[in-house]
Structures are given as structure tokens and as C-alpha cells.
Amino acid sequence: MPAAAAAKAPKIRRRVQTFGKRKNSTAVATVTKTAQSNIKINGVPVNMIQPQSLRAKVMEAVTLVGSKQFSRLKVDITVRGGGQVSQAYAARQAIAKGLVAYLQKYSNEVEKSSAKNKYLAYDRTLLVADPRRAETKKWGRHSARSRFTKSYR
């Protein structure tokens, strides 16, 4: 009986979870090793994302390091908050950070630093979040900075 229990050890899943942020959007990416590549954002395959310009922005994280790196990885992304564009930017950041974290954990240092350097050379926001946020509206004004026009007559 103990030999059968030892033979039926739980299978270790190679998986990392990362996040990407942009304005009010937060994307959580789960990168898992599978038989074939599969990238989904909120359950929708990445090649079905509209408009095409946002799809291209999301796919930058994949095309930059080459699709060979993603050939046996499944990436599931859940995005919440914000608008269409900021969700796309948060998703691309989550994909890029997910690949770097996966290579850090399950691959060698050379592959990880190569991917990281490619991302940083192309666009730093692929790995580092943009801290800028919208300034809140102040009372007695139209918006955060602009004031009401003053009339003297």
C-alpha cells in the first residue's frame, strides 16, 4: 500500500500569478505550463479582441520576446476596472511580468534577463507600473485645476 501511495504523488503544476496596473485597471495573469499556447483575457481568446489596435498592443508582450517563449504556456488574464485602453495596457503588463516571473522560477537566469532586457529596452511600462493618477476635482472649480471665470459686472 505505501508503494502505491508514493507512486501516486500529486502532480506539481508549473504556475505563476502576476498583476499589471494602469490608471484604474488591474489585470491578474496566471501563467501555466500546458501542451499548447493559449492566451485569454476575461475568457476571450486574444485574437478575438476588438479593436485591432488594442489587440496589437496586448500582443506586443508576446511578439517582443518571440512566440517561441510562449509556445507551451497558457495565460489566463482577469481584468477589472477602468476603460478599454487602460485594461489593454494592464493586460500587456501582466503578460510581460508573468513571463519574466515564470522564467525566473522555472528557467535559467540567462533566458529571464534576456526577456526582461528586451521588455525594458522597448517600453518600460511593460514591467513597471505608471504611477500617474487623475487628480481629484476641487470644490469651487470646474475641474482639478481650472477655475470658474470671474465677472466684474
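Predicted model only: the values in this text are computed from it and were never measured. (Residues numbered from 1 in each chain as written. Predicted model: local features only at pLDDT ≥ 70, side-chain atom pairs only at ≥ 80, totals over all residues. Heavy atoms only, no water.)

Draft legend 1. Region of the structure containing the overall build of the protein chain. Scanning the protein chain from terminus to terminus reveals four helices and five strands. In the protein chain, the succession of helices and strands from N to C terminus is α-β-β-β-β-α-β-α-α. In terms of overall dimensions, the protein chain is more spread out than a globule: its C-alpha atoms have a radius of gyration of 21 Å, far above the 15 Å expected for 153 residues. Based on the C-alpha atoms only, the size of the protein chain along its principal axes is roughly 95 × 35 × 30 Å. Put simply, the protein chain has 153 residues, and 31% of those count as buried. In the protein chain, 70% of the contacts between residues at least 6 apart in sequence involve partners at least 24 apart. Per element, the accessible surface of the protein chain, about 10,500 Å² overall, is 54% carbon and sulfur. Charged side chains of the protein chain number 32 positive and 7 negative; the gap between the two group centres comes to 6 Å. (Helix = DSSP H or I, 4+ residues; strand = E, 2+ residues; numbered from the N terminus. Rg over C-alpha atoms; globule rule 2.2 N^0.38 Å. Buried < 20%, exposed > 50% of the residue type's maximum accessible area, 1.4 Å probe, protein only. Contact = heavy atoms within 4.5 Å. Areas by Shrake-Rupley, 256 points an atom, 1.4 Å probe, with all protein chains shown as cover. Lys, Arg positive; Asp, Glu negative; His and termini not counted. Charge placed at Lys NZ, Arg CZ, Asp CG, Glu CD.)

Draft legend 2. Seen up close, the packing of helix 2 (residues 52–65) against helix 3 (residues 84–106). Two numbers describe how helix 2 lies on helix 3: the axes approach to 8 Å, and their chain directions differ by 15°. It follows that helix 2 is roughly parallel to helix 3 by the angle criterion. For the element pair helix 2 and helix 3, the recorded crossing hand is right-handed. Of the residues in helix 3, those touching helix 2 at Leu 54, Lys 57, Val 58, Glu 60, Ala 61, Val 62 and Val 65 are Gln 84, Val 85, Ala 88, Tyr 89, Arg 92, Ile 95, Ala 96 and Leu 99. (Axes fitted to C-alpha atoms, helices over the stretch in contact; angles between N-to-C directions. Parallel < 35°, antiparallel > 145°, perpendicular 65-115°, else oblique. Left-handed = near helix turned anticlockwise from the far one by under 90°.)

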